[in-house]
Every structure is written in C-alpha cells, then in structure tokens.
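So the chains spell out like this:
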Amino acid sequence: MTELRHRGAKDSDPTLQQQPSEDKCSDSELKVEKDGLSDTESKVDSGVPEVPVPPDDTPVVLNKALSGLSSRWKNWWVRGILTLAMISFFFFIIYLGPMVLMMIVLCVQIKCFQEIITIGYSVYHSYHLPWFRTLSWYFLLCVNYFFYGETVTDYFFTLVQREEPLRILSKYHRFISFALYLIGFCMFVLSLVKKHYRLQFYMFGWTHVTLLIVVTQSHLIIHNLFEGMIWFIVPISCVICNDIMAYMFGFFFGRTPLIKLSPKKTWEGFIGGLFSTIVFGIMLSYVMAGYRYFVCPVEFNNDSNSFQVDCEPSELFQLQDYSLPGILESVTGWTTVRLYPFQIHSIALSSFASIVGPFGGFFASGFKRAFKIKDFANTIPGHGGIMDRFDCQYLMATFVNVYIASFIRGPNPSKVIQQLLALRADQQLHIFNALKAHLTEKGLLPALEEAAA
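Just so we're clear, the structure is a prediction, and the values are computed from it rather than from any experiment.

### Description of a nonpolar patch on the surface
- Taken together, the side chains of Leu69, Trp73, Trp77, Ile81, Phe252 and Phe253 define a hydrophobic patch exposed on the protein surface, amounting to about 570 Å² of accessible area.
- Of all the elements in the fold, those that place two or more residues in the nonpolar patch are helix H6 (71-96) and helix H13 (229-253).
- Here the nonpolar patch gets 3 residues from one element, more than from any other, and that element is H6.
- Looking at the element boundaries, Phe253 is found in helix H13.

Structure below.
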C-alpha cells in the first residue's frame, strides 16, 4: 500500500494537487485528528491523492433564511429541516406498500454503490485504468441478478412454475449467474496493463468489498421485509431515532469525546441516544404490533397476482401478561404488565442500533478520513451522501436477518408444500407414505381420521 500511495502522489492529476483543500470540519476536529496520528502515519497518508471536495449545495432559500445564524446553528437547522423531509418521505413510501419499498431499497443500493465507486475513480482516475467503471457496474448487475433471482424463486415459486421461461431461468439460475460473473472476471484479466498490475488488483478488491458491504446487506433488508413490514420499519426507525437523539444530546450536552475517528461524537450523545432509542422502540412496537398490515409476512397472491399482507397474527403479536420483578413492583405498584412479545425483542433491536450500530458510522468515518473527504457525496444538504445516511442501516440489516433466523423464524409450511409440488409424482407418493407412517406411529393419524369422520 505504501508503494501505491507514493505512486499516487507522483502520478496524480496536477490540477488536483494544486487545488486547495476545502476543509469543512471544525478547527477542533482537525486538531484532534492530527494529534491522533503519528509522524509516520501522517507521512504515509499524505501520499494518498485527495478527492475533490464537492461545493455546498444547500438550497438558496435556506441559505437566505438562515444567513444571520452562526455556522453551527445554521447546520443544525439545515439538518433538522432535511431530516423532517426524509422522515416524511419514509412514511409516504411505507403507505405505498412493500413493492415500492423494495424498489426504494434497490435505488438506495445503486446510489450507495455509485458513491463509493466514484471515490475510487476520483482518486485513481489519472492512471486511465481501462474498463474500471464499466466492470464495476457489470459486477453490480451480476450480483443483483443472482440475489434477486434467488428471491424471486423463493417467494414467487408458483408464478415461476407457471411461466415456462421463468421456470427455465429459475432451474439454471445459479449456473447463469456464475457464467455472467466469469465473463466479468475474464474481462478484468484481459484489461490488465503491465505498469498497473498492483493498482488494478487493488481496484478489483475495492469493487468486490463494496459489493459485499452494499449489495449483500441490502438484499438482507428485502428478506427482512418479507418477514413482515414491522421487521423492516422498526429497525430502520431505531437507527434513525438513535442518530437524531445522539445528535441532539451531543449538540446541547456533549462535553466528553467518544472516539477519535469522529471527534464530534460524545459520550453524552451516545448514552442519551441509547436510552431514547430503547424507549422509542418499545413504543413504536406497541403501536405497530396491533395492525396486521405491519406484522403479517409479505406474500404473493397467485389469484390476484399481487402482494398481500393479511394473516392471523402469530403469538409474537398478541398481548400477553408478564409479571414484574419485585423492585419494579414496589416502585410502580403493578404486579403484571400487558405487552406484545415483540416489544421484548424490540429492546434487543434498539440496543443493537444504539450500541453496535454507530460503529458502522465510525467505520465510514475512518474510510472518509483515509481519503480526506467529509462526506461520500453532497446529495442531501447538511447530511452528505446517501451512504452517509445508510452506513449504520446496512449493519443493522444483517443483525436483524441473523436475529430472525436464530430466534424467530421456524419452518415455513407453505414453502415446504411448494417444494413438494415441484417433485415428480413417484417422489410425492413416497413422501406421502413416509409422512403417513410417521403420523400413524405418533398416534396422530387415527385422531385426525376420527375427527374427519
């Protein structure tokens, strides 16, 4: 990496070297960053080509309205107004239904990928690497084809079996996906240039790590959505709540720095965000658990060829009585409390969003500091790029998917039936006889026959 950085300093575009760096960070933040680096690290980092800093694109209306405020309070109001706008948009797409949510997830995934790849291209574009951006987008297409193909086969099985072209694509889906990837792999090998072997392999790894971070985890978000919209909305809302409350507590009460990677993050904001998010998660879960629209798994209705979210709620979303510990009983005077079991799970989700989730942001901060940029892009004034808003969401999506698989999800009878219907008649008959023998041995089949009579 040292050799790469020295080469970057020598061969990078002169216009980038002569362009003054517009540092948007505060003086105290820069001081903390410099103090935290050793002399050796500073010398090595100085060889990394800098990414051009995008101009401030705050709407003219806001700039005029807030012109009399200090930069600190101006940023506070800009972030607040745009945050309310994004939350309103989030409610709107929830109202539009699960299909629109899936499309939004795909669009966010593509934008995040574009922001990260653009940083790589901006840093190393002076090398004129052949096919770098073309291959990056090609690999994105291949990975999305694989993941979304798996999803379609899994959740739209009846539709796939009904249409002959889809059935063929489904049967050979993994082979087709691998063949598409091999084409990109061969194109990369053919694009290798003698003077830039090492750099090209660095960028090849850059693309694949980006795919792992962005595409894989956005695919998990969609899987969480199919389990029920509540598994999509509550985790995302907890991350948003923690981000807002940590900022608020840090803005007004922050005194103690939390981590050097993000000098503006404070312990006061971290702790305040934790407790606020847990309370918010419990309250939001109580409201949403009472509606089938949010708690029922998203399933495809073959009769109407559309998604449906109607079911008999599981025990997870039915009110139950819980006995309070002696300490709480003496304080509140209550012996029992009536809760949805999902509210207990929401504590785990809220805690992860508040304790571990921010490390996704710290990771992104370290990445940005490595390339001397403040934000991934300037898509949202006061907030940076889309990736700046979703750096914690992707980590949260993985946790929710693992949590559901480990503690919530059981065997799905409908999927088992779908797989049985895809078997040959003799295989179905063999399974029927085996199941009949098993039920008879358990003593369940006679009882079912008597009930039927």
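### Some points on the nonpolar core
- In terms of nonpolar packing, the biggest core is built from 77 residues, with Ile230, Trp231 and Phe232 touching the most fellow members.
- Ignoring anything within four residues of it in the chain, the contact list for Ile230 reads Pro235, Met288, Ala289, Phe294, Val295, Phe317 and Phe342.

### Structural notes on the state of the cysteines
- Tallied over the entire structure, the rule returns 1 disulfide.
- Shown here is the disulfide that connects Cys296 with Cys311, its sulfur atoms set 2.1 Å apart. On the sign convention where negative means left-handed, the S-S torsion of about -95° between Cys296 and Cys311 marks this disulfide as left-handed. Of this pair, Cys296 sits in the loop between helix H15 (292-295) and strand S3 (299-301) while Cys311 sits in the loop between strand S4 (306-308) and strand S5 (320-323), placing them 15 residues apart in sequence.
- By relative accessible area, Cys296 is classed as buried at 0%.

### Concerning unusual backbone geometry
- Positive phi, close to 55°, is recorded for Lys372, a residue that is not glycine.
- Residue position: Lys372 is located in the loop between helix H18 (358-370) and helix H19 (386-408).

### Observations concerning the UniProt feature "transmembrane region" (unreviewed entry) in the protein
- When the UniProt feature table is mapped to this numbering, "transmembrane region" (unreviewed entry) covers residues 76-95, 101-124, 131-148, 175-193, 200-222, 228-249, 270-294 and 342-364.
- Annotated as 100% helix and 0% strand, the span residues 76-95 places its first and last C-alpha atoms 29 Å apart.
- Along residues 228-249, the helical share is 95% and the strand share 0%, with 32 Å between the first and last C-alpha atoms.

### As for the packing of aromatic side chains
- Under the criterion given, the structure shown has 26 aromatic pairs.
- Seen in terms of ring centroids, Phe352 and Phe399 are 4.0 Å apart; in terms of plane orientation they differ by 5°. Their pairing is stacked. Of this pair, Phe352 sits in helix H17 (residues 341-355) while Phe399 is found in helix H19, placing the two residues 47 residues apart along the sequence.
- Taking relative accessible area as the criterion, Phe352 reaches 14% and is therefore assigned buried.
- Accessibility expressed as a relative area gives 22% for Phe399, which makes it partly exposed.
- Each ring, one from Phe367 and one from Phe371, has its centre 5.3 Å from the other, and the planes form 50°; the classification is tilted.
- The rings of Tyr138, Phe139, Tyr181, Phe188, Phe201 and Phe204 are connected pair by pair, giving a single aromatic cluster.
- Taking NZ or CZ as reference, Arg133 lies 3.9 Å from the ring centre of Tyr121, over its face.

What counts and how
Residues numbered from 1 in each chain as written. Predicted model: local features only at pLDDT ≥ 70, side-chain atom pairs only at ≥ 80, totals over all residues. Heavy atoms only, no water. Patch = residues over 30% accessible without salt bridge, like charges linked within 9 Å, V, L, I, M, F, W, Y side chains within 5 Å. Areas by Shrake-Rupley, 256 points an atom, 1.4 Å probe, with all protein chains shown as cover. Salt bridge = Lys/Arg side-chain N within 4 Å of Asp/Glu carboxyl O. Helix = DSSP H or I, 4+ residues; strand = E, 2+ residues; numbered from the N terminus. Core = buried A, V, L, I, M, F, W, Y, C linked by side-chain atoms within 4.5 Å. Buried < 20%, exposed > 50% of the residue type's maximum accessible area, 1.4 Å probe, protein only. Contact = heavy atoms within 4.5 Å. Disulfide = S-S within 2.5 Å. UniProt positions renumbered as here; feature names shortened; annotations may be inferred. Phe/Tyr/Trp six-rings, centres within 6.5 Å; stacked < 30°, edge-to-face > 60°. Lys NZ or Arg CZ within 6 Å of the ring centre and 35° of its normal.

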